[in-house]
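Given next are the chains, with one letter for each unit.
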Amino acid sequence: MKKQDNPLSGDDLIKEVCRRIRVARSYWDAHNNAACRGERERALALYNTLTKEQKQQIPDVLRVWLRYRSEKYFGAHRTPPKSPRKSK
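Residues numbered from 1 in each chain as written. Predicted model: local features only at pLDDT ≥ 70, side-chain atom pairs only at ≥ 80, totals over all residues. Heavy atoms only, no water.

Asks: Would you mind showing me how to read the pattern of salt bridges here?
Replies: Any two side chains of opposite charge can pair if their charged atoms end up close together. A complete count under the given rule lists five salt bridges for this structure. Residues arginine 20 and glutamate 39 are paired through a salt bridge, measuring 3.1 Å at the closest nitrogen-oxygen approach. Taken as a pair, arginine 20 in helix α1 (residues 11-29) and glutamate 39 in helix α2 (residues 33-47) lie far apart in primary sequence, 19 residues in all. Residue classification places arginine 20 among the buried positions, given a relative accessible area of 10%. Residue arginine 42 is joined to glutamate 39 by a salt bridge in which the shortest nitrogen-to-oxygen separation is 2.9 Å. Separated by three residues within a single helix, arginine 42 and glutamate 39 lie in helix α2, roughly one turn from each other. When salt bridges with common partners are traced through the structure, they connect Glu16, Arg19, Arg20, Glu39 and Arg42 into a single cluster. (Salt bridge = Lys/Arg side-chain N within 4 Å of Asp/Glu carboxyl O. Helix = DSSP H or I, 4+ residues; strand = E, 2+ residues; numbered from the N terminus. Buried < 20%, exposed > 50% of the residue type's maximum accessible area, 1.4 Å probe, protein only.)

Asks: Can you help me understand the packing of α1 against α2 in this one?
Replies: In the contact formed by α1 and α2, the axes pass within 8 Å of each other and the chain directions differ by 160°. Of the possible angle classes, the one that applies to α1 and α2 is roughly antiparallel. The handedness of the crossing between α1 and α2 comes out as left-handed. Along its contact with α1, which presents Leu13, Glu16, Val17, Arg20, Ile21, Val23, Ala24, Tyr27 and Trp28, the element α2 presents Asn33, Ala35, Cys36, Glu39, Arg40, Arg42, Ala43, Leu46 and Tyr47. In terms of residue class, the contact of α1 with α2 is built from twelve nonpolar, one polar and five charged. (Axes fitted to C-alpha atoms, helices over the stretch in contact; angles between N-to-C directions. Parallel < 35°, antiparallel > 145°, perpendicular 65-115°, else oblique. Left-handed = near helix turned anticlockwise from the far one by under 90°. Contact = heavy atoms within 4.5 Å. Nonpolar A, V, L, I, M, F, W, Y, C, P; charged D, E, K, R; others polar.)

Here's what the structure looks like:
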């Protein structure tokens, strides 16, 4: 994927964060966990660059899913993907 030449700011950054959260949720609903994990990490990285006022502009439903519900399934306490399996 091509990197952007100029970083997003203002309303464009807020829209991109919302878009990425929605994409991650659609992957989640489709049970595509690997893609969901990647999109969630990208959305969270962008979300962490927002100011407090900008974070308030993100709809509550998206914010809650990104920060709390998905943390339950993709948090650091979970087993990382592609872990080696034990042979029997």
